[in-house]
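Residue strings, one per chain:
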Amino acid sequence: MQSLDDIDRRILRVMQDDPDLAVADVGRRAGISAGACARRIDRMERDGVILGRRVEIDRRALGYAVRVFLRITLDKIAPRAFDEFLAAARALPEVESIQTLLGRVDVRMDVGARDLAHYQEIYRTKILALPHIAEIEALMLVSELKSTDRLPL
Amino acid sequence: MIDLDDIDRAILRALGADGSLNAKQVGEAVGLSQPAAWRRIRRLEEAGVIRGRRLVLDRAKLGFGVTVFVGVRLAVRGRLDLEAFERAVTAIPEVQVVQHVLGVFDYRLRVVARDLSDFERILRRRIMTLPGVGAVESNVMLSDEKDAGPRA
């Protein structure tokens, strides 16, 4: 991979701010020609610096009003506790994302539900049935004040 | 809230898997003509189901090797001025996500940093100094699995 210079970083900043911008406009804002800009974007895509574009879907608009973040400590005495827990959690459609962590908790997961009754049902019948849970803590989302993938380049 | 049919959900799954698809490609994926796919995408955007597009970058290749989830509990007196805390924390460029939550913490943050010492600097100089901060807990992300789109 070729190392990035200031112009590359300027292009990425412009694209982060407005991912739908045409290449020529990205170039103009970054102060270079459309052709030079296209070549740099191609190179960064080839090098895997730019991975693609992602559509942001509002789950509330889809009727999933409740979002809970679960913080889970696993019973690490059991061999393969991590693998078995993750495999079972991955299979639950209500689990929207899973991260493994280094710290006081081992795993965190996002769970989406239509309402509190629906969440309670998911929690009782599916989450608590997951293997090797030693401790579980829930944070319920009230509001999201900031949500971006933007990197401070 | 808008009613979604199976085709709408198929569109969301296709776009969730690859946000760079245009209306023609989405149409091909779900069996619609380009204008029909375009109209449906437009409708999903107008209803706020599709909030926008984001550029996906390789954090590690750009030098951001560490992502940390930080739970923040406000000090009792800090609760008086939630707005000051919220304004200050959302302004920190390394803080990508700020969520107000109910539970053992009051706020949940996602922070990107170049490495652990860079994170320590951000934590000490920018987060611990925010107005009203009480207890803070950090968990470093080791792996991340995301769902491509809504399955429901």
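Residues numbered from 1 in each chain as written. Chains lettered and ligands numbered in written order. Predicted model: local features only at pLDDT ≥ 70, side-chain atom pairs only at ≥ 80, totals over all residues.

Let's talk about the overall build of chain B
Assigned secondary structure in chain B consists of five helices and five strands. When the helices and strands of chain B are placed in sequence order, the string is α-α-α-β-β-α-β-β-α-β. Its C-alpha radius of gyration of 20 Å places chain B more than 25% over the 15 Å reference for a compact globule of 152 residues. A total of 152 residues make up chain B; the buried ones form 32% of that total. Put simply, of all contacts in chain B between residues at least 6 apart along the chain, 62% involve residues at least 24 apart. (Helix = DSSP H or I, 4+ residues; strand = E, 2+ residues; numbered from the N terminus. Rg over C-alpha atoms; globule rule 2.2 N^0.38 Å. Buried ≥ 20, exposed ≤ 12 C-beta atoms within 10 Å, placed from the backbone. Contact = placed C-beta atoms within 7 Å.)

Some points on the interface of chain B and chain A
Listed as interface residues are 57 residues of chain B and, on the opposing side, 52 residues of chain A. Among the secondary structure elements, those contributing two or more residues to the side of chain B that touches chain A are α1 (6-17), β1 (50-57), α4 (82-90), β3 (95-102), β4 (107-113) and β5 (133-146) of chain B. Counting residues per element, the side of chain B that touches chain A draws most heavily on β5 of chain B, at ten residues. Of the residues assigned to the side of chain B that touches chain A, the class counts are 27 nonpolar, 14 polar and 16 charged. Here strand β1 (residues 50-57) of chain A pairs with β1 of chain B via seven bridges, running antiparallel. (Nonpolar A, V, L, I, M, F, W, Y, C, P; charged D, E, K, R; others polar. Pairing = 2+ DSSP bridges.)

Some words on the domain arrangement of chain B
Under the domain assignment used here, chain B contains domain 1 (6-46) and domain 2 (66-140). In this structure, domain 1 of chain B and domain 2 of chain B have C-alpha centres spaced 37 Å apart. (Domains from an automatic or database assignment.)

Points about the environment of Arg-126 of chain B
Considering the arrangement of structural elements, one finds Arg-126 of chain B in helix α5 (residues 116-127). Each C-alpha atom, one on Arg-126 of chain B and one on Asp-115 of chain B, is 16 Å from the other, the two residues being eleven residues apart in sequence.

Some words on the confidence of the model for chain B
Residue and element names in this part refer to chain B. Per-residue confidence for chain B averages 89 on the pLDDT scale, and 93% of its residues sit at or above 70. Within the model, pLDDT remains below 50 along residues 148-152, and this stretch shows 15 contacts once partners closer than five positions in the same chain are excluded. Scored as a whole, the predicted complex attains pTM 0.88, and scored at its interfaces, ipTM 0.89. (pLDDT = per-residue confidence, 0-100.)

Points about the pairing of strand β3 (residues 95-102) of chain A
Residue and element names in this part refer to chain A. In this sheet, strand β4 (residues 107-113) lies alongside β3 in antiparallel orientation, the contact comprising five bridges. From the neighbouring strand, Gln-99 faces β4, where its bridge partner is Arg-108. The antiparallel pairing of β3 with β4 creates a hairpin that spans four residues between the two strands.

Re the packing of helix α2 (residues 23-30) of chain B against helix α3 (residues 34-46) of chain B
All names here are of chain B. Running from N to C, α2 and α3 point in directions that differ by 100°, and their axes come no closer than 8 Å. Relative to α3, the element α2 lies roughly perpendicular. Where α2 abuts α3, its residues Ala-23, Lys-24, Val-26, Gly-27 and Val-30 lie against Gln-34, Ala-36, Ala-37, Trp-38 and Ile-41. Counted by class, the contact of α2 with α3 contains seven nonpolar, two polar and one charged residues. (Axes fitted to C-alpha atoms, helices over the stretch in contact; angles between N-to-C directions. Parallel < 35°, antiparallel > 145°, perpendicular 65-115°, else oblique.)

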